[in-house]
Amino acid sequence: MKKIVLLLLGVVFLCACNTSKDNKTQSRKQSEKAGGAFVIAEISKPISLFPHKLTRIEEAFILEQIYEPLVRLNPKTLELMPGLAERWEVSKDGKVITFSLRKGAHFHDDECFSGGKGREITTADVLYTFEKLCYDNPENLHYFTVCDDRIVGAKEYNEAMQKGEKKEISGIKIIDDYTFSITLVYSNYQSFLEILATPISVIIPKEAYNKYKTASLVGSGPYIYNKALSKDDQVVLVKNQKYYGIDKDGNALPYIDTLRIKYCASSEDAVNAFLNHQADIVSEIPNNMAKQIVANHINSFEKNPPEYIIDASPQMATQYVLININKPPFDNKKVRQAINYAINRNKMIEKVCNGQAYPATHGITPPAFKDYDVSKIQGYDFDLKKAKTLFAEAGYPDGKGFPTISIYVNRGYSRAQAAITELQRQLQEYLNINATFESLPLAVKFELEQKNKGNFFRQAWIADFPNPESFLNIFYGKYVTLDTTKVYFPNTQRYKNPNFDKLFEKGRDAIVKDTSYKYFFMAEQALMDDAPFIPLWYEASYRLYNNRIKGLYLNPMRYFDLREVFIAKNSK
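Residues numbered from 1 in each chain as written. Predicted model: local features only at pLDDT ≥ 70, side-chain atom pairs only at ≥ 80, totals over all residues. Heavy atoms only, no water.

Enquirer: Explanation requested: the overall build of the chain in the structure shown.
Expert: Of the regular secondary structure elements, the chain holds 17 helices and 20 strands. Seen through its principal axes, the chain has C-alpha atoms that stretch 80 × 65 × 40 Å. Sequence-distant contacts, at least 24 apart, represent 73% of the contacts inside the chain between residues at least 6 apart. Carbon and sulfur atoms form 49% of the exposed surface of the chain, whose accessible area is close to 23,300 Å². Computing the positive centroid from 74 side-chain charges and the negative centroid from 67, the chain places the two 1 Å apart. (Helix = DSSP H or I, 4+ residues; strand = E, 2+ residues; numbered from the N terminus. Contact = heavy atoms within 4.5 Å. Areas by Shrake-Rupley, 256 points an atom, 1.4 Å probe, with all protein chains shown as cover. Lys, Arg positive; Asp, Glu negative; His and termini not counted. Charge placed at Lys NZ, Arg CZ, Asp CG, Glu CD.)

Following this line, the structure appears as structure tokens:
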């Protein structure tokens, strides 16, 4: 990991909202590290903060603070660690996982509970959560990710629910108030546990859903959503004084009193907020701005200790463009392949990223997973001769007769807009394709995607869990249809390829990693041959943060566990 040190003076002051403490809470041992406010500058506002409707990394960050999963990821190593389940055992065949819930973990205080006091979490809450997850409906975008081919009895339960009937999930057994088991269809328990560590699978209370439906923000995590302080331009979270977690010395977690997610109109505005002492971290900054910051503060590099840090490191993230393959002319594979060969990714990276990225000339999976060598996947490097030949074979010699196409991009990301401008230029220069692009609010772009409108959609995918499956799952289409009244996620493109699906399933369900990766590799090669998208680059992002923030691990998944993060007391 490369680190560049920057100096800048300033402190962000934020008044936290006091929460009432009962006698038990007041008796908790407090660390000297406790207190303070942490401000995060973001660009995209969340579409939904209901876990089962999660679609974006910006939403995941908030949900990871409000809710508690059964298992967590270590922010430093990305290995599994206990959450609400303090331990688990796996049967010899890898199909049965028996979990033991920790005692004394409570939901947040809220008026949905009797007396307004959050009650203790039991296995009844686990069962309720999985009953929601195992029902495929518009309020749950993750049935196929978590349940369908994974949990025994999930399909039968969903089929009954679709008919308005009630049925038990046969693969989930409640043993007592704190012990339960889940039986898997296949033996790949590791992958399933990693999915349980995502915000998709956090445990939710029945009372909160009954009262608020998908607007519920009642969890059991280290922070509580503050309705009074949260507005259109910010989300404010305050410390859960009753959170079960403690540090190695027995001190109450989390340390920080208040988290504020500040929404900015653009990447430049987010960086300016940081430089104007209005934010402590910017999770993604344009590469050219990073160089400007270094240049403007070069004399501050030698200060010891530094006050600000720029972190530059590879990410489990890929930038790409989805193609609407369900409408002409992009239902023609040769058209899609021609366009992929006509993209000079190195030139794009040079112009847009100042060379600080890796050209995505192989597959959708970034080169970030040990033992999964994406360099052996045959993708698309710049080959203009081959591009023009394929385009002519598809019926469009020199672009004659090819329609003007539309490209949609998220509003606010200057680098993404620069990338699409370069894509637009290259399509015109190399294939004589005229393209228009429009910057849209995230929710609007997502809806157009779902409605099968438009031609190209600029996308970025960051791993939900540390496995190539997280990327390949985007294109799994066994149950996808062209019914635009139904939402499919993450396969918003409605891509269907039976050969890919078959290979993906074999990789997903294999218990041995080498076998799993072998089939994933074959599936990814089949995907690239079909060319339903345009991979642009693999991320090597810059992140800017204030060095007064201590204990912060910046991993390639952009997964934040802020429970033991603290603010240095001597900050000025």
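Having seen it, we continue.
Enquirer: How should the pattern of salt bridges be read in this particular structure?
Expert: Two side chains of opposite charge can pair, provided their charged atoms sit close to one another. Under the criterion given, the structure shown has 28 salt bridges. Note that K166 and E131 form a salt bridge whose closest N and O atoms lie 3.7 Å from each other. One end of the pair, K166, is in the loop between helix 5 (154-162) and strand 7 (172-176); the other, E131, is in helix 3 (residues 123-133), with 35 residues separating them in the sequence. Between E422 and R425 there is a salt bridge; the shortest N-O distance is 2.7 Å. Taken as a pair, E422 and R425 lie in helix 13 (residues 414-431) at a separation of 3 residues, close to a single helical turn. Assessed through its relative accessible area of 29%, R425 is described here as partly exposed. (Salt bridge = Lys/Arg side-chain N within 4 Å of Asp/Glu carboxyl O. Buried < 20%, exposed > 50% of the residue type's maximum accessible area, 1.4 Å probe, protein only.)

Enquirer: For this particular structure, what's the right way to read the sheet that holds strand 5 (residues 85-90)?
Expert: Two orientations exist for strands paired in a sheet by backbone hydrogen bonds: parallel and antiparallel. Taken in spatial order, the 4 strands line up as 5-6-8-7 in an open sheet, and their pairing is antiparallel. Two strands close off the open sheet at either side, each with one partner strand: strand 5 and strand 7. This sheet shows a mean twist of 20 degrees between the axes of neighbouring strands, independent of strand direction. Pairing between strand 5 and strand 6 (residues 96-101): 5 bridges, direction antiparallel. (Pairing = 2+ DSSP bridges. Axes fitted to C-alpha atoms, helices over the stretch in contact; angles between N-to-C directions.)

Enquirer: What exactly am I supposed to notice about the pairing of strand 2 (residues 37-42) here?
Expert: Across the 6 residues of strand 2, 6 count as buried, placing the element largely inside the fold. Burial along strand 2 is two-sided: the face carrying A37, V39 and A41 and the face carrying F38, I40 and E42 are both buried. Bridge count for strand 2 against strand 11 (residues 258-263) is 6 bridges, and the pairing is parallel. Pairing of E42 across the sheet is with Y263, part of strand 11.

Enquirer: Before we go on, may I ask you to explain the environment of F456 in this structure?
Expert: Of note, F456 is situated in strand 17 (residues 456-462). Here F456 falls in the buried class, since its relative accessible area comes to 0%. Separated by 19 residues in sequence, F456 and F437 place their C-alpha atoms 8.9 Å apart. Filtering out sequence-adjacent residues up to four positions away, F456 remains in contact with V321, L322, I323, F330, I339, I405, S406, I407, Y408, L423, L427 and I534.

Enquirer: Sorry if this is basic, but what is going on with the packing of helix 16 (residues 498-509) against helix 17 (residues 513-530) here?
Expert: Helix-helix packing: each pair is described by the crossing angle between the helix axes and the interaxial distance. It is the contact of helix 16 with helix 17, at a shortest axis distance of 7 Å, that shows an interaxial angle of 160 degrees. Considering their axes alone, helix 16 and helix 17 lie roughly antiparallel with respect to each other. For the crossing formed where helix 16 meets helix 17, the hand is left-handed. Judged by residue contacts, N499, F500, L503, F504, K506, G507 and R508 of helix 16 engage S516, Y519, F520, M522, A523, A526 and L527 from helix 17. Broken down by class, the residue content of the contact of helix 16 with helix 17 amounts to 9 nonpolar, 3 polar and 2 charged. (Parallel < 35°, antiparallel > 145°, perpendicular 65-115°, else oblique. Left-handed = near helix turned anticlockwise from the far one by under 90°. Nonpolar A, V, L, I, M, F, W, Y, C, P; charged D, E, K, R; others polar.)

Enquirer: I keep staring at the packing of aromatic side chains and nothing clicks. Help me out?
Expert: Each aromatic ring pair is summarised here by two numbers: the centre-to-centre distance and the angle between the ring planes. Within the structure shown, the criterion is met by 28 aromatic pairs. Here Y143 and F144 contribute two aromatic rings whose centre-to-centre distance is 4.9 Å and whose plane-to-plane angle is 75 degrees, an arrangement assigned as edge-to-face. F144 sits in the partly exposed class, given a relative accessible area of 24%. A ring pair is formed by Y408 and F457, whose centres lie 5.6 Å apart and whose planes are at 50 degrees; its orientation type is tilted. Of this pair, Y408 sits in strand 15 (residues 405-410) while F457 sits in strand 17, placing them 49 residues apart in sequence. Taken individually, Y408 and F457 each receive the classification buried, so the pair is uniform in this respect. Within the aromatic cluster, the residues linked to one another by ring pairs are Y320, F475, Y476, Y495, F500, F504, F520 and F533. (Phe/Tyr/Trp six-rings, centres within 6.5 Å; stacked < 30°, edge-to-face > 60°.)

Enquirer: Got a minute to help me understand the packing of helix 10 (residues 333-341) against helix 12 (residues 384-393) in this structure?
Expert: Following both chains from N to C, one finds helix 10 and helix 12 inclined at 160 degrees, their axes separated by 8 Å at the closest point. Regarding the angle of helix 10 to helix 12, the classification is roughly antiparallel. The element helix 10 and its partner helix 12 pack so that their crossing is left-handed. Note on element contacts: helix 12 touches helix 10 through L384, K386, A387, L390, F391 and E393, opposite K334, V335, Q337, A338 and Y341. Considering only residue class, the contact of helix 10 with helix 12 consists of 7 nonpolar, 1 polar and 3 charged.

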